[in-house]
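# Commentary on secondary and tertiary structure
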Amino acid sequence: MKNIVLVGFMGTGKTTVGIELAERLGMVFLDMDEIIVEREGLTIPDIFERHGEDYFRLLERKVVKELAGRSGLVIATGGGIVLNSHNIDDFSCTGLVVCLSASPEAIINRVGSDANRPLLAGDDKMAKIMSILEKRQKLYDAIPFQIDTSGLSIETVADEIIEKLGVRPLQS
Ligand code: S3P
């Protein structure tokens, strides 16, 4: 079974959709941020503060290499995974890469009050979201399979991915 790799900006539903998909398909769910937090023994904001973003990106790269070599996984990636094109290339070799998107309004509703996203820390979160989105948009757009999750339920997003995969869920 190929991996299913969920890519997209913060707050687009990668983790919630990933958990739903894994449950319905009898696959193992892994969240890259969680793996990194566990290994480092630090929260994501603490890793950024103590070691910087470049260090975090190296940790991400290492986890991508490991997970791309496995199969049967549903993987929720961190929103910045697209910044290194090798990450998408590696995941594409062994999995279906799905890019989730959402409107800036939906994103701010979902993650605006979450203190766990260092790139959105401080005031004027909407400006921060727009500025990061602008820099990354073409990287997200380059992924062939896209789903805008703004007005969709978790179940509907999972349905669309399952249909694309052409596999039968465990319970339907
Ligand atoms: C980041 C997204 C976060 C986390 C880190 C950096 C990003 O993951 O990896 O804060 O660069 O977009 P989520 O997309 O799960 O929030």
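What you see is a predicted model, and the numbers here were worked out from it, not measured in a lab.

So, about the nonpolar core. Core analysis: the biggest nonpolar cluster contains 36 residues, and Val7, Phe9, Met32, Leu67 and Phe91 have the highest contact counts within it. With six residues, helix H4 (residues 53–68) is the single largest residue contributor to this core. Excluding residues within four positions of it along the chain, Val7 makes contact with Lys14, Thr77, Ile81, Val82, Ile88, Val97, Val98, Cys99, Leu100, Tyr140 and Ile143. Within the second largest apolar cluster, 17 residues are counted, among which are Ile4, Val17, Ile147 and Ile162.

In this section: the packing of aromatic side chains. Ring pairs (aromatic) are described by centroid distance and by the angle formed between their planes. The full count for this structure, using the stated rule, is two aromatic pairs. Between Phe9 and Tyr140, the aromatic rings sit 6.5 Å apart at their centres with planes inclined by 85°, giving edge-to-face as the arrangement. Here Tyr140 lies in helix H7 (residues 125–141) and Phe9 lies in the loop between strand S1 (3–8) and helix H1 (14–25), a separation of 131 residues in the sequence. Relative accessible area serves as the criterion here: at 4%, Tyr140 is assigned to the buried category.

Spatially, the five strands line up as an open sheet ordered S2-S3-S1-S4-S5, and their pairing is parallel. A strand with exactly one partner marks an edge of an open sheet, and here the two such strands are strand S2 (28–31) and strand S5 (145–148). Neighbour to neighbour, the strand axes of the sheet diverge by 25° on average, direction disregarded. Relative to strand S3 (residues 73–76), S1 is paired through three bridges, and the arrangement is parallel. Paired with Ile4 across the bridge in S3 is Val74. Packing of H1 onto the sheet brings it into contact with S1, S2, S3 and strand S4 (95–101), and relative to S1 it is tilted by some 165°. Against the sheet, helix H8 (residues 154–165) touches S1, S4 and S5, its axis set at about 160° to S5.

By secondary structure assignment, the location of Thr12 is in the loop between S1 and H1. Judged by its relative accessible area of 2%, Thr12 falls in the buried class. Polar contacts involving the side chain of Thr12 include one to the main-chain carbonyl oxygen of Phe9, which spans 2.7 Å. Setting aside anything within four residues of it in sequence, one finds Thr12 in contact with Leu100, Ser101, Ala102, Arg110 and Thr149.

About the cut-offs
Residues numbered from 1 in each chain as written. Predicted model: local features only at pLDDT ≥ 70, side-chain atom pairs only at ≥ 80, totals over all residues. Heavy atoms only, no water. Core = buried A, V, L, I, M, F, W, Y, C linked by side-chain atoms within 4.5 Å. Buried < 20%, exposed > 50% of the residue type's maximum accessible area, 1.4 Å probe, protein only. Helix = DSSP H or I, 4+ residues; strand = E, 2+ residues; numbered from the N terminus. Contact = heavy atoms within 4.5 Å. Phe/Tyr/Trp six-rings, centres within 6.5 Å; stacked < 30°, edge-to-face > 60°. Pairing = 2+ DSSP bridges. Axes fitted to C-alpha atoms, helices over the stretch in contact; angles between N-to-C directions. Polar contact = N/O pair within 3.5 Å; in protein donor to acceptor, adjacent residues only side chain to side chain.

Remember that the coordinates give geometry; whether it matters functionally is a separate question.
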